[in-house]
Amino acid sequence: MAVVPMQKIRLCVHTSGASEVLGVVQDMGVVEFSEVESKKLSRKEKTNFEFNYASSRLDFAVEFLSRYDTAKGKLRSLIEGTNVVAREEEIERIAKTFSYNDIIDHLESLEQDLNRFKKKIASLEKEQALLGKWRALNMPLGRPLETARTKTVFVEKKGVSKNRDIDEDVLGNIFQKEGMHFSYRACEGAVRGLVTFFLEDAERAQKLLGAVEYDIVEMPKRRGTPEEELERIARAIRNTEKRIAQCEADIRTYLPQLPKLKILSDAMLWKKDKHNTLASAQTTESVLVFEGWCYKEKLEELRKRIAEKTSYFSLAAIDRKKGEKTPVAIENAPAIKPFETITRLYGLPGYKEFDPTIFLAGFFFLFFGLCLTDVFYGLFIFAMTAAVLYFYRVPESSKPLIKLLMFGGISSSIIGLFFGGYLGISPESLPGWARALQQFDPIANPLPIFYLSLALGFIQILFGIFLKMMTKVRNGKALDGVLDDGSWMVFFVVLLFFGAQQFGLIEGAGEAPTMALYGATALLVITQGRKEKTILKKLFSGVSSLYGLVGYFSDVLSYSRLLALGLATTALAFAINLIAEIVGDMIPYVGPVLAVLILVGGHLFNLAINTLGAFIHSARLQFVEFFGKFIVGGGRAMVPFAREERYVVLEKRDV
């Protein structure tokens with residue numbers, strides 16, 4: 001298929017049936033609503049529905065409980081996802097019968113308790129870290145630090161790993177110079193201790209301590225010695241951790257309710273979205289008016305489904321406004337759909353352009369295999385992706401990429417047969433049937449592969465020019481398409497004919513290829529400058545257009561990366577085998593074990609890095625060299641008003 005045809009529509013519905021009608025639209029997911037511009041209509045004042053509060057509470061419960069849902073392993077959860085599969089009948093039943101408010105209230109209370117306990121542990125650990133430095137101090141912390149005439153402070157040397165030479169004598173000299181009296185009680189050498197001074201000297205004393213790089217430490221308000229308090233803190237931490245464990249155990253008792261909460265959370269979101277859409281509609285006293293875009297082929301089905309709910313409605317096709325951009329959706333056959341991944345990475349085409357997916361599919365399939373060129377690597381990729389698709393419930397959004405990699409594995413296995421790619425094993429060591437199938441040797445003779453890469457590039461670029469011409473023809477600019485792009489196609493075909501004669505592939509053609517090339521060049525000069533106003537400008541523009549040949553030849557040369565990546569895969573595989581063989585022979589006893597580890601680890605690394613390279617560079621050839629020939633891009637993706645399945649995979653009701 002291609003770009004899905006769209007139709008601008010206007011939907012008018014009586015307020016009595018508006019909610020049910022929007023339910024149908026949301027269920028089908030085929031309409032994207034847009035702004036209605038009308039001076040004759042008004043907008044209802046938007047109000048906050050009870051769905052907003054309920055939806056936020058359910059979202060909290062799902063997110064909070066999901067942290068403790070470890071029934072699946074991390075890898076299995078990553079692959080399968082954590083969504084719940086549910087039918088509409090089940091969703092409706094749960095919405096009517098499941099009482100969730102008490103559960104959420106209890107979960108909110110447990111979260112508050114957890115946060116309080118964790119905050120307490122953080123505070124205790126902070127005190128523990130501080131008192132741990134003062135463990136040697138054999139003095140109760142509850143002892144008063146101020147008397148009627150003196151003040152005592154705890155001090156600690158800044159940067160305890162440096163400048164430890166400031167001791168009591170140094171402090172004494174400094175204080176005496178200022179005419180102050182003090183006493184110093186060391187706790188840990190010259191690093192920590194207690195300094196006592198007269199109250200009237202407090203401000204000056206604190207400045208002096210800062211000058212000699214001592215910090216005044218605020219000790220926690222505790223009674224016992226640091227050693228005694230450290231024991232009390234350790235007990236308090238253990239007790240608080242037990243309370244946290246009990247809270248988490250209580251939370252896990254609600255895990256069986258998580259699937260229902262997920263279902264309700266999505267169901268409530270659907271209701272909220274529907275009512276917010278209703279609230280934002282343009283309206284008269286009794287009619288709501290919506291405008292938007294609908295899949296053209298779904299328009300009659302939508303009309304029929306709405307008619308089943310109410311007869312008080314109007315659904316009409318209307319013209320799009322001037323300058324309004326039509327949203328884009330693409331749809332392809334199941335075999336081609338995985339390649340939509342590449343198209344979407346690039347960006348959607350414009351509404352009046354071709355969907356490039358079906359055109360790139362064969363090229364990407366072939367290029368991926370040419371970059372990897374190994375039978376066993378391809379089989380491994382195919383087996384792993386097929387196992388994931390078969391044994392795991394993969395989210396629909398992830399399936400296209402996994403299938404694309406599976407096709408890449410198939411391509412690599414097939415092309416690997418012709419390239420003799422078997423984990424870097426030398427062709428001489430292969431069995432007879434494998435040598436018989438091999439047509440290329442990328443290590444011994446890479447030139448044929450180089451020519452093959454350039455030939456494939458030439459074909460794809462020529463095809464891209466053809467699609468550009470057809471896009472113009474499709475949009476009513478047939479003359480421009482034929483003259484602008486058709487003349488380039490003629491030139492490249494003639495150039496190919498001329499090149500074949502020069503390399504001796506065609507005999508007996510005489511001067512025909514040369515004359516044809518002169519004629520094709522003249523055709524380019526005439527057609528490319530035809531829109532200029534004067535003869536000189538036409539000629540100059542036509543001649544300067546020949547500079548485009550540099551760009552086309554550069555694009556063709558870009559396809560040599562297919563050779564480079566194929567060589568890299570084969571060469572690295574061969575190097576891994578060689579290293580493993582050397583290690584196995586050189587090191588007694590453990591050599592064979594190390595050789596096996598090198599083989600397994602090396603080939604897995606080679607597989608990973610070159611699979612990534614095959615994907616990236618095969619996609620790059622599509623994006624830069626192919627798409628640039630016929631796609632302007634910039635299409636805006638269609639975003640239908642539909643049920644967003646965050647936690648639920650919805651099974652449609654049987655028809």
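Residues numbered from 1 in each chain as written. Predicted model: local features only at pLDDT ≥ 70, side-chain atom pairs only at ≥ 80, totals over all residues. Heavy atoms only, no water.

### Some thoughts on the overall build of the protein chain
Okay, step 1: Across its full length, the protein chain holds 22 helices and 12 strands.
Okay, step 2: Since a compact globule built from 655 residues should have a radius of gyration of about 26 Å, the 38 Å found for the protein chain marks it as more spread out than a globular shape.
Okay, step 3: Once the C-alpha set of the protein chain is aligned to its principal axes, its extents read approximately 120 × 85 × 60 Å.
Okay, step 4: Looking at the protein chain residue by residue over its 655 residues, the buried ones come to 42%.
Okay, step 5: Split by element, the accessible area of the protein chain, about 35600 Å² in all, is 60% carbon and sulfur.
Okay, step 6: Of the charged side chains in the protein chain, 82 are positive and 75 negative; the average position of the first set lies 4 Å away from that of the second. (Helix = DSSP H or I, 4+ residues; strand = E, 2+ residues; numbered from the N terminus. Rg over C-alpha atoms; globule rule 2.2 N^0.38 Å. Buried < 20%, exposed > 50% of the residue type's maximum accessible area, 1.4 Å probe, protein only. Areas by Shrake-Rupley, 256 points an atom, 1.4 Å probe, with all protein chains shown as cover. Lys, Arg positive; Asp, Glu negative; His and termini not counted. Charge placed at Lys NZ, Arg CZ, Asp CG, Glu CD.)

### Comments concerning the nonpolar core
Okay, step 1: Core analysis: the biggest nonpolar cluster contains 50 residues, and Phe364, Phe367, Trp488, Phe491 and Phe492 have the highest contact counts within it.
Okay, step 2: Ranked by the residues each element gives to this core, the list is headed by helix α12 (residues 357-372), at nine residues.
Okay, step 3: Not counting the four nearest positions on each side in its chain, phenylalanine 491 is found in contact with Leu517, Ala520, Thr521, Leu524 and Leu549.
Okay, step 4: Counting residues in hydrophobic clusters, the runner-up holds 37 residues, among them Leu258, Ala267, Met268 and Trp270. (Core = buried A, V, L, I, M, F, W, Y, C linked by side-chain atoms within 4.5 Å. Contact = heavy atoms within 4.5 Å.)

### Things to note about a nonpolar patch on the surface
Okay, step 1: A surface patch of nonpolar side chains, about 1000 Å² in accessible area, is lined by Phe574, Leu578, Ile582, Met586, Ile587, Tyr589, Val590, Val593, Leu594 and Leu597.
Okay, step 2: Elements with a contribution of two residues or more to the nonpolar patch: α21 (561-586) and α22 (591-626).
Okay, step 3: Considering every element that reaches the nonpolar patch, the biggest residue donor is α21, with four residues.
Okay, step 4: Checked against the element boundaries, valine 593 lands in helix α22.
Okay, step 5: A residue is classified by how much of its surface remains accessible, and valine 593, at 52% relative accessible area, is exposed. (Patch = residues over 30% accessible without salt bridge, like charges linked within 9 Å, V, L, I, M, F, W, Y side chains within 5 Å. Salt bridge = Lys/Arg side-chain N within 4 Å of Asp/Glu carboxyl O.)

### Some details on the packing of aromatic side chains
How two aromatic rings sit relative to each other is set out by the distance from centre to centre and by the angle between their planes.
Okay, step 1: This structure, assessed with the given rule, holds 34 aromatic pairs.
Okay, step 2: The interplanar angle of 90° and the centroid separation of 5.3 Å between the aromatic rings of tryptophan 134 and phenylalanine 154 together place this pair among those described as edge-to-face. You can see tryptophan 134 sitting in the loop between α5 (101-132) and β5 (150-157) and its partner phenylalanine 154 sitting in strand β5, a full 20 residues away along the chain. By the burial criterion, tryptophan 134 is buried, and phenylalanine 154 matches it.
Okay, step 3: Ring geometry for phenylalanine 627 and phenylalanine 630: centres 6.3 Å apart, planes at 80°, overall edge-to-face. Just as phenylalanine 627 is buried, phenylalanine 630 falls in that class too. (Phe/Tyr/Trp six-rings, centres within 6.5 Å; stacked < 30°, edge-to-face > 60°.)

### Structural notes on the side chain of aspartate 266
Okay, step 1: Examined against the element boundaries, aspartate 266 turns out to sit in helix α9 (residues 258-279).
Okay, step 2: For aspartate 266, a relative accessible area of 0% puts it in the buried group.
Okay, step 3: Excluding anything up to four places from it in sequence, aspartate 266 contacts Glu644, Glu645, Arg646, Tyr647 and Val648.

### Brief notes about the packing of helix α16 (residues 447-474) against helix α17 (residues 478-502)
Okay, step 1: Here α16 crosses α17 at 160°, and the two axes come no closer than 7 Å. Here α17 runs roughly antiparallel to α16, going by the angle between their axes. The hand of the α16/α17 crossing is left-handed. In this structure, α16 uses Phe458, Leu462, Ile465, Phe466, Lys468, Met469, Lys472 and Val473 to contact α17, whose residues at the interface are Ala478, Asp480, Gly481, Val482, Asp484, Asp485, Gly486, Trp488, Met489, Phe492, Val493 and Leu496.
Okay, step 2: Across the contact of α16 with α17, the residue classes tally to 13 nonpolar, two polar and five charged. (Axes fitted to C-alpha atoms, helices over the stretch in contact; angles between N-to-C directions. Parallel < 35°, antiparallel > 145°, perpendicular 65-115°, else oblique. Left-handed = near helix turned anticlockwise from the far one by under 90°. Nonpolar A, V, L, I, M, F, W, Y, C, P; charged D, E, K, R; others polar.)

### What about the pairing of strand β1 (residues 6-14)?
Consecutive side chains of a regular strand alternate in pointing toward one face of the sheet and then the other.
Okay, step 1: Burial within β1 is extensive, with seven of its nine residues counted as buried.
Okay, step 2: Bridge count between β1 and strand β10 (residues 287-295): nine bridges; the pairing is antiparallel. Within β10, the residue paired with cysteine 12 across the bridge is valine 289.
Okay, step 3: With five bridges connecting them, β1 and strand β11 (residues 313-317) associate as antiparallel partners. Following the sheet pairing, cysteine 12 is matched in β11 by serine 314. (Pairing = 2+ DSSP bridges.)

### Focus on the pattern of salt bridges
Okay, step 1: A full pass over the atoms with the stated rule returns 34 salt bridges.
Okay, step 2: Notably, a salt bridge pairs glutamate 63 with arginine 67, separated by 2.9 Å at the nearest N-O pair.
Okay, step 3: Residue class for glutamate 63 comes out partly exposed when judged on its relative accessible area of 40%.
Okay, step 4: For glutamate 229, the salt bridge goes to arginine 222, with nearest N and O atoms at 2.9 Å.
Okay, step 5: Overall, the relative accessible area of 3% leaves glutamate 229 in the buried class.

### Examining the packing of α21 against α22
Okay, step 1: Direction vectors running N to C along α21 and α22 enclose 175°, while the axes themselves pass 8 Å from each other. Considered as vectors, α21 and α22 are oriented roughly antiparallel to each other.
Okay, step 2: Its residues assigned to classes, the contact of α21 with α22 shows 16 nonpolar, 10 polar and two charged.

### Quick word on the side chain of aspartate 355
Okay, step 1: Assignment of secondary structure puts aspartate 355 in the loop between α11 (340-346) and α12.
Okay, step 2: The buried charged residue aspartate 355 lacks any salt bridge partner; its closest oppositely charged side chain belongs to arginine 344, at an N-O distance of 7.5 Å.
Okay, step 3: At 2.9 Å, the side chain of aspartate 355 forms a polar contact with the side chain of asparagine 332.
Okay, step 4: At a separation of 2.7 Å, a polar atom in the side chain of aspartate 355 contacts the side chain of threonine 357.
Okay, step 5: Excluding its chain neighbours within four sequence positions, the residues that come into contact with aspartate 355 are Ala2, Val3, Ile330, Glu331, Asn332, Thr343 and Pro349. (Polar contact = N/O pair within 3.5 Å; in protein donor to acceptor, adjacent residues only side chain to side chain.)

### Let's talk about helix α4 (residues 88-97)
Okay, step 1: Of all the positions in α4, only Glu88, Ile91 and Ile94 are classed as buried. What you see down the axis of α4 is that its buried residues fit within an arc of 125°, all on one side. The outward face of α4, more than 90 degrees from its buried face, is lined by the exposed residues Lys96 and Thr97.
Okay, step 2: Buried positions along α4 lie against α1 (18-28), β4 (84-87), α9 and β12 (648-651). (Arc of directions from axis to C-beta.)

### With respect to unusual backbone geometry
Okay, step 1: Even without being a glycine, leucine 423 presents a positive backbone phi close to 55°.
Okay, step 2: Checked against the element boundaries, leucine 423 lands in the loop between α14 (399-419) and α15 (432-437).
Okay, step 3: Look at leucine 423 and you get partly exposed, because its relative accessible area is 27%.
Okay, step 4: Its identity is not glycine, yet tyrosine 589 carries a phi of approximately 65°, on the positive side.
Okay, step 5: For tyrosine 589, the location among the structural elements is in the loop between α21 and α22.

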